[in-house]
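As a plain string of letters, each chain reads:
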Number of protein chains: 2
Amino acid sequence: MDFEKMAKELVAQMTFAEKMSQMRYEAPAIERLGIPAYCWWNEGLHGVARSGRATVFPQSIGMAASFNEELMLKVANVISDEARAKYNEYKKFGDTEIYQGLTYWSPNINIFRDPRWGRGHETYGEDPYLTGRMGTAFVKGLQGNGKYRKVDATLKHYAAHSGPEKGRLSFNAVVNEKDLRETYLWAFKYCIDNADPSALMGAYNRTNGEPCCGSKTLLKDILREEFGFKGYVVSDCGAICAINNEHKVTENYAESAALAVNNGCDLNCGDAYKWLKTAAALDLVSEETITACVERLFTARFRLGMFADDCEYDDIPFDVVESDEFAAINREMAQESIVLLKNNGILPLKKDLKIAVVGPNADSKDVLLGNYHGVPSKYYTILRGLQQYTGVGYAQGCTLFEVPNRDWGITVREALVEVKNADVVIMCMGLDPTMESEDGDAYNAQTGGDKVTLELPDVQNELYEEILKLGKPIVYVNVSGSCINLSKQKDQCDAVLQCFYPGAMGGLALADILFGKVSPSGRLPVTFYESVDDLPDFTDYSMENRTYKFFKGTPVYEFGYGLTYSEIEENWIDENAVEITNKGDFDTKYSVLKFEYIPHKNLCGFKKVFVKKGETVTVKF
Amino acid sequence: MDFEKMAKELVAQMTFAEKMSQMRYEAPAIERLGIPAYCWWNEGLHGVARSGRATVFPQSIGMAASFNEELMLKVANVISDEARAKYNEYKKFGDTEIYQGLTYWSPNINIFRDPRWGRGHETYGEDPYLTGRMGTAFVKGLQGNGKYRKVDATLKHYAAHSGPEKGRLSFNAVVNEKDLRETYLWAFKYCIDNADPSALMGAYNRTNGEPCCGSKTLLKDILREEFGFKGYVVSDCGAICAINNEHKVTENYAESAALAVNNGCDLNCGDAYKWLKTAAALDLVSEETITACVERLFTARFRLGMFADDCEYDDIPFDVVESDEFAAINREMAQESIVLLKNNGILPLKKDLKIAVVGPNADSKDVLLGNYHGVPSKYYTILRGLQQYTGVGYAQGCTLFEVPNRDWGITVREALVEVKNADVVIMCMGLDPTMESEDGDAYNAQTGGDKVTLELPDVQNELYEEILKLGKPIVYVNVSGSCINLSKQKDQCDAVLQCFYPGAMGGLALADILFGKVSPSGRLPVTFYESVDDLPDFTDYSMENRTYKFFKGTPVYEFGYGLTYSEIEENWIDENAVEITNKGDFDTKYSVLKFEYIPHKNLCGFKKVFVKKGETVTVKF
């Protein structure tokens, strides 16, 4: 079907005012044309978000750690199935509210340039190639390959957006051409070339002086002309008002709206496009330009089957939501999102060991969910996951970062009692999504959610040191969406695992690994540094001395690092073929990574395979 | 052993200053006499509290609803087992911190005089007789009947203490002699006569003008002389400083301390007894009086076996904590704490019904725990409890009381979608322990934690009304520690249950009832009123027009009300014997209540029995 033609015909019947009204994210109905109201804003970063019950997958950074794009495609298919199921239900009520539509403002394919960034866990890590590949799989799964588009995926935040959170509305990212192309734009172009994303969201900041949502360089010259992007562009929420309010690039809202529209920002999340009428009256924007925007938006709505009665997704029933099949995919993704960093042989845990589980993240539901999340009705904290295998002792031992109120009764001593009565301790430390976040509502509020250090908070360090003194074997599980300095743990613990925010099945998946039901197979999608002192200033967007490609120091754990329970040998036949031999005692999945040296080390291929013990699998790139 | 003699001999070796030092709750060591430091403060209202992992039983008000004193004795035995197990562990570390000792400041046997009181859920309800009987069982279970005392129980808060929370340090409860004797003191006397409690805690308020912790009338004349209480008296925390600071009854701390000590308050939680030296220097208090106090305190410490090496409880091992056996007792108590108020036949739920569970209390861990609680490592929210039986839909639908932030994605609509896709809805509404509390940290902060209304918060009412419109069968589960106006639900819902804060096994116990594994057998320990407008002023301590005894209006559900799944016939043979016949189709437990009319209705006996269907059991009082 020619959705573009259908859109043009419909838009041609609109008045100028009606057209402008449709460029706001809460688009009103045009009843005389049979167009219902529509709210464009929906979220699905790692599962349908903010819209009630849903399968909640691991946070994006964890899914990236799987290095498994086939599994990512399955995950995104689940998300779009649930998205459609929910949309179908909301339609029955005639709803057109936020978080009810088919236009998803995911994925976040920004580069996790600096470990301080509070929203880094929304991304696929620090590598553009990994980001592009995982983003492509995600977009494909969301959008489907049917007659109609299943849901719209939106690449964000375009471009060069990775903190600081505080002051993001007035920040100017200064980026050289090489970094812009190789790092900040690479995954956008890759996804556009390979996944045909419906939409793209402009960032809050300026890049090289131009506000991203009104940037001729980024939106017209590069996105539309050079990359040939055919979809629609939406502003981040409030970003257009910020062009005058914060960036001081324009004088008023009308000028901001005009700048954005004239450079191809079709849809406004926020209030700026209320001023389009004024802009038009002042001849700052033409009806022709407006018409082109609205045609792009209605092309998308037609393509989503919103005005059709033969859309193949209208029959997806509500009971797919959180189905057992989806839970199994979630568990698999959660297993693969966990990275084994050290193992002196203590893992998998032997039967009949008495286990104590301690730490503020051991029984935390919040760390399962990350940010931009849905509501799981079935979920496994780490504690509960372990309990599916065996009885365990448990103590919180400390809070995440606050000095405990005496009345809470949370003490280091309760943890020491549990550890003393056990053979091995599983320590669940780290951060939670309020400590590295967009809003900065707790620990790092003063920095808008960005971290200032890679160290654990003092209260956790104190608990760690006290437990260490007891001399029991320690399995250290770091739960966080970003790098924490694990140098002490690397030296002192018997096993170290990085568990990102692992989703509803997270605790069960971790237990699957700790008890040897599956071998770990995740790899770090970011470098684990020792200290921010080893890095450039957070506001410096040069890639020099950042990420595995350019970092000059010695990381605690490098990008791509990750152990299995087996012993895998890679035998490269030529640069495009490798034999993977499992010489150990465990069947395991294994992600083979292909690097080139140009001259810096550069990921240029990866493939995940399952290799039984004693077997060899050949992978070709 | 003659603990009193041992205490006298030890105290005789102390200097005057050393004696005074021992009257503070954080008693310092006297090394030259081999006396270690000791902190007297511990909590165990419904399980060992604030000291890490523990079996967390239903909140006291729920245990009262069981009307099962034999089960209460078992519960209290579990608490004291866990208390000893924890004490034994702390001792290995040489600890003498808060929440680590053997002196428990439980139970709260105040009368739940007015439904507004934020701490009412800590009590056994509105009836002195029920309170006295349940309190007696609780004290007996805590204290054991061994050579040594297992742990010390503390009756609190003596006397006439039941709100308001706000201003409690300066409040004067005006109580007539009849109410004082029949209502406010009755359970204290009953427990003293029947359970030999080690300790008693004075209240914050004044009663008839005298500060409770320094009241000659209450402490000397009634408690010591009339009731013959032989234990020690501890002040509520900060209550003695309040005698001058807030009550303005004395001029300074030294006078307050002297007033308390001279009237027999042996132990000070707070700082006032720092001023005993000054009081002694001013001849406000004599060494003889101090000596008597300290002898009582050391009698208790000797009786607890603190200085012995043959205490029978020193071998209770740590692994009793949260044992399966204890979990089974907890589940039983949780089952019996739930009160079925209405059932049109929908319960127990038929197999294969599609169920939607909605409401802010459906997946809340907080409501399981109440206040003054420990940490369960295994716990069942209502949602999780139901999931042990069958898959269910779930939506929070609204918050407890806040208007949801858009970014939370909590909407009425998500709930309506779930309900529309189900055959029956289980609505889990009510309060949580922050909404009726001591500190008033949320909803009712402006009233110090006391309720101002019996109505559900607006956001919950809105959700309720919207769901009602869908016309699906409704099982309404009210989760709260106090009465809520359930008149609408009584009319409009198919089934109504009152679930107090039900402890770690709460969700599983509720599921046991909803799915018919057991018949409900709880009864209301408080009157469920329609409105505070039907009651006297909250500050009015007269019992006129309060509780089932004196209320002149028509309650929504009366004290003692509670259905089973069966049909029970009571056939009273004479005033002390009744035949209980189960004429229905379910085996069930049943609490038979014996009332007298003097001339007001007055509970004077109760007994819980198990009656199989078709059988008759005779109960004698």
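All names here are of chain B. Pairing is mixed across the open sheet formed by three strands, whose spatial order is β4-β6-β7. In the strand order of this sheet, the two ends are held by β4 (172–173) and β7 (210–211), each with one partner. Note that strand β6 (residues 206–207) and β7 share two bridges and pair antiparallel. The partner of Thr-207 across the bridge, within β7, is Glu-210.

Turning our eyes to something else, we now look at the interface of chain B and chain A. With 39 residues of chain B at the contact, the number on the chain A side is 39 residues. Taken together, both faces of the contact between chain B and chain A bury some 3,400 Å²; the carbon and sulfur share is 52%. Taken as a group, B:Phe93, B:Arg406 and B:Arg413 account for 18% of the area that chain B buries against chain A, more than any other trio of residues on that side. The partner of B:Asp363 in a salt bridge is A:Lys365, with the nearest N and O atoms 3.3 Å apart. The tally of links between chain B and chain A comes to 18 residue pairs in polar contact (both at pLDDT 80 or more). If you list the elements that add at least two residues to the side of chain B that touches chain A, you get α4 (69–92), α15 (382–387), β11 (393–395) and α16 (412–420) of chain B. For the side of chain B that touches chain A, the element with the highest residue contribution is α16(B), accounting for six residues. Considered class by class, the residues forming the side of chain B that touches chain A number 16 nonpolar, eight polar and 15 charged.

What follows deals with the packing of helix α13 (residues 324–337) of chain B against helix α19 (residues 506–514) of chain B. Residue and element names in this part refer to chain B. Contact geometry of α13 with α19 gives a least axis separation of 8 Å together with a crossing angle of 60°. The pairing of α13 with α19 is recorded here as oblique in orientation. In the packing of α13 onto α19, the handedness of the crossing is right-handed. Taken together, the residues of α19 that come into contact with α13 (itself represented by Arg-331, Ala-334 and Gln-335) are Gly-506, Leu-508, Ala-509, Asp-512 and Ile-513. When grouped by side-chain class, the residues that make up the contact of α13 with α19 number four nonpolar, two polar and two charged.

We now examine the state of the cysteines. Residue and element names in this part refer to chain B. Counting across every chain of the model gives two disulfides over all chains. Between Cys-237 and Cys-269 runs a disulfide, and the two sulfur atoms are separated by 2.1 Å. Taking the torsion about the S-S bond as the criterion, the Cys-237 to Cys-269 disulfide, at about 90°, is right-handed. Here Cys-237 is found in the loop between β8 (232–235) and α9 (241–245), whereas its partner Cys-269 is found in the loop between α10 (253–262) and α11 (276–281), with 32 residues between them in sequence. Of the cysteine sulfurs around Cys-212, a residue in no disulfide, the closest is that of Cys-213, at 6.8 Å. Looking at Cys-293, it has no disulfide partner, and the nearest cysteine sulfur is the one in Cys-265, 7.9 Å off.

So, about the relation of the copies chain B and chain A. Once turned by 180° and shifted 0.0 Å along the axis, chain B lies on chain A with an RMSD of 0.0 Å. Look at the turn and shift together and you get a two-fold axis relating the two. For chain B, the residue whose C-alpha comes nearest the rotation axis is B:Lys365, separated from it by 5.3 Å.

Residue and element names in this part refer to chain A. This structure, assessed with the given rule, holds 56 aromatic pairs over all chains. Their ring planes at 35° and their centres at 5.6 Å tell us that Tyr-253 and Trp-275 sit as a pair that is tilted. A residue pair is termed long-range when its members are at least 10 positions apart, and Tyr-253 in helix α10 (residues 253–262) and Trp-275 in the loop between α10 and α11 (276–281) qualify at 22 residues. Using a relative accessible area of 26% as the deciding quantity, one classes Tyr-253 as partly exposed. A relative accessible area of 37% places Trp-275 in the partly exposed class. An angle of 45° between the planes, with centres 4.9 Å apart, marks the rings of Phe-401 and Tyr-443 as tilted. Taken as a pair, Phe-401 in the loop between β11 (393–395) and α16 (412–420) and Tyr-443 in the loop between β12 (424–430) and α17 (458–469) lie far apart in primary sequence, 42 residues in all. A residue is classified by how much of its surface remains accessible, and Tyr-443, at 27% relative accessible area, is partly exposed.

Close approach of charged atoms lets side chains of opposite charge pair. Within the structure shown, the criterion is met by 82 salt bridges over all chains. For the salt bridge of B:Glu336 with B:Lys589, the shortest nitrogen-to-oxygen distance reads 2.3 Å. Taken together, the residues B:Glu336 in helix α13 and B:Lys589 in strand β17 (residues 588–597) connect sequence positions 253 residues apart. For the salt bridge of B:Glu336 with B:Lys608, the shortest nitrogen-to-oxygen distance reads 2.8 Å. Separated by 272 residues along the polypeptide, B:Glu336 in helix α13 and B:Lys608 in strand β18 (residues 601–611) bring together distant segments of the chain. Overall, B:Glu336 belongs to the buried group, its relative accessible area being 2%. Through salt bridges with shared partners, a single network forms among A:Arg119, A:Glu122, A:Glu165, A:Arg168 and A:Glu438.

Next up on the list: the environment of A:Met63. Residues and elements named next belong to chain A. For Met-63, the position within the fold is in helix α3 (residues 60–65). With relative accessibility at 0%, the residue Met-63 sits in the buried group. Sequence-wise, Met-63 and Ala-356 are 293 residues apart; in three dimensions their C-alpha atoms are separated by 28 Å. The residues contacting Met-63, other than those within four sequence positions of it, are Leu-45, His-46, Phe-57, Pro-58, Met-72, Val-75, Met-134, Met-333 and Ser-337.

So, on to the nonpolar core. The biggest cluster of nonpolar side chains holds 202 residues, and the ones touching the most others in it are A:Tyr158 and B:Val475. The residues touching B:Val475, leaving out its near neighbours within four places in the chain, are B:Ile346, B:Leu347, B:Leu349, B:Val424, B:Val425, B:Ile426, B:Met427, B:Ala495, B:Leu497 and B:Leu514. B:Phe3, B:Phe57, B:Ile222 and B:Cys293 belong to the second largest nonpolar core, which has 124 residues in total.

Looking now at the sheet that holds strand β3 (residues 154–158) of chain A. All names here are of chain A. As summarised here, the arrangement of the three strands in space is β3-β5-β8, forming an open sheet in which the pairing is parallel. Two strands lie at the open edges of the sheet, namely β3 and β8 (232–235), each paired on one side alone. Geometrically, the sheet is characterised by an average inter-axis angle of 25° between neighbouring strands, direction not taken into account. As defined by bridge partners, β3 adjoins strand β5 (residues 199–202) across three bridges and the pair is classed as parallel. When the bridges of β5 are listed, Leu-155 appears paired with Leu-200.

Residue A:Pro348 is reached from A:Leu347 by a cis peptide bond, and omega for that bond is -5°. Residue position: A:Pro348 is located in the loop between β9 (339–343) and β10 (355–358). Of note, the bond from B:Lys156 into B:His157 is cis; its omega dihedral lies within 30 degrees of zero at -5°. Topologically, B:His157 is positioned in strand β3 (residues 154–158). If you check the backbone angles, A:Asp283 has positive phi at about 60° while not being a glycine. Owing to a relative accessible area of 69%, A:Asp283 belongs among the exposed residues under this scheme. Even without being glycine, B:Glu322 reaches a positive phi, approximately 60°. As for its placement among the helices and strands, B:Glu322 is situated in the loop between α12 (287–303) and α13.

A few words on α10(B). Residue and element names in this part refer to chain B. Of the positions making up α10, those classed as buried are Ala-254, Ser-256, Ala-257, Ala-258, Ala-260 and Val-261. On its buried side, α10 packs onto α9, α11 and α12. At the N-terminal end of α10, a side-chain oxygen is found 3.2 Å from the backbone nitrogen of Ala-254, two or three residues along, and the residue is Asn-252. Following α10 by one or two positions, Gly-264 has its phi on the positive side, about 100°.

This next bit is on the confidence of the model for chain A. In this model, chain A carries an average pLDDT of 97, and 100% of its residues clear a pLDDT of 70 or more. This prediction of the complex comes with two scores: 0.97 for pTM and 0.96 for ipTM.

Residues and elements named next belong to chain B. Within the secondary structure, Val-556 is located in the loop between α20 (547–550) and β15 (568–574). For Val-556, a relative accessible area of 7% corresponds to the buried category. Residue contacts for Val-556: discarding those within four places in its chain leaves Asn-485, Leu-486, Ser-487, Lys-490, Phe-528, Tyr-529 and Glu-530.

The rules we used
- Throughout this document, residue positions are counted from 1 along each chain, in the order its sequence is written.
- Labels follow written order: the first chain is A, the first ligand is 1, and so on.
- Only residues with pLDDT of at least 70 are given local features in this predicted model, and only at 80 or more are side-chain atom pairs given and counted; all residues enter the totals for whole chains, interfaces and linings.
- With hydrogens and water excluded, all non-hydrogen atoms of the structure serve as input to the side-chain values.
- Strands pair, by our definition, only if DSSP identifies at least two bridges between them.
- The secondary structure listing takes helices from DSSP runs of H or I that are at least 4 residues long and strands from runs of E that are at least 2 residues long, numbered from the N terminus.
- We call two residues in contact when some of their heavy atoms are within 4.5 Å.
- Take the accessible area each of two parts loses on contact, using a 1.4 Å probe, and add the two losses: that sum is the buried area.
- We count a salt bridge whenever a side-chain nitrogen from Lys or Arg sits within 4 Å of a carboxyl oxygen from Asp or Glu.
- We call two N or O atoms a polar contact when they sit within 3.5 Å, provided that within protein one can donate a hydrogen and the other can accept it, with sequence-adjacent residues counted only if both atoms are side-chain atoms.
- The classification used treats Ala, Val, Leu, Ile, Met, Phe, Trp, Tyr, Cys and Pro as nonpolar, Asp, Glu, Lys and Arg as charged, and all other residues, Gly among them, as polar.
- Axis definition: a line fitted to C-alpha atoms, over the contacting stretch in the case of helices. Angles run 0 to 180 degrees between N-to-C directions.
- Any angle that is under 35 degrees is reported as roughly parallel, and any over 145 degrees as roughly antiparallel; angles of 65 to 115 degrees are reported as roughly perpendicular and all others as oblique.
- Each crossing gets its hand from how the near helix is turned against the far one by less than a right angle, where anticlockwise is left-handed and clockwise is right-handed.
- Disulfide assignment relies on a single distance test, namely cysteine sulfur atoms paired within 2.5 Å.
- The least-squares superposition of copies is restricted to C-alpha atoms, and to residues with a pLDDT of at least 70 in both copies.
- Side-chain rings of Phe, Tyr and Trp, where Trp is taken by its six-membered ring, are said to pair if the distance between their centres is within 6.5 Å; with planes under 30 degrees apart they count as stacked, over 60 as edge-to-face, and otherwise as tilted.
- With a 1.4 Å probe rolled over the protein chains alone, any residue whose accessible area is under 20% of its type maximum counts as buried; one over 50% counts as exposed, and the rest are partly exposed.
- In this text, buried Ala, Val, Leu, Ile, Met, Phe, Trp, Tyr and Cys residues form a nonpolar core when linked through side-chain atoms within 4.5 Å.
- The predictor rates its confidence in each residue with pLDDT, a number between 0 and 100.

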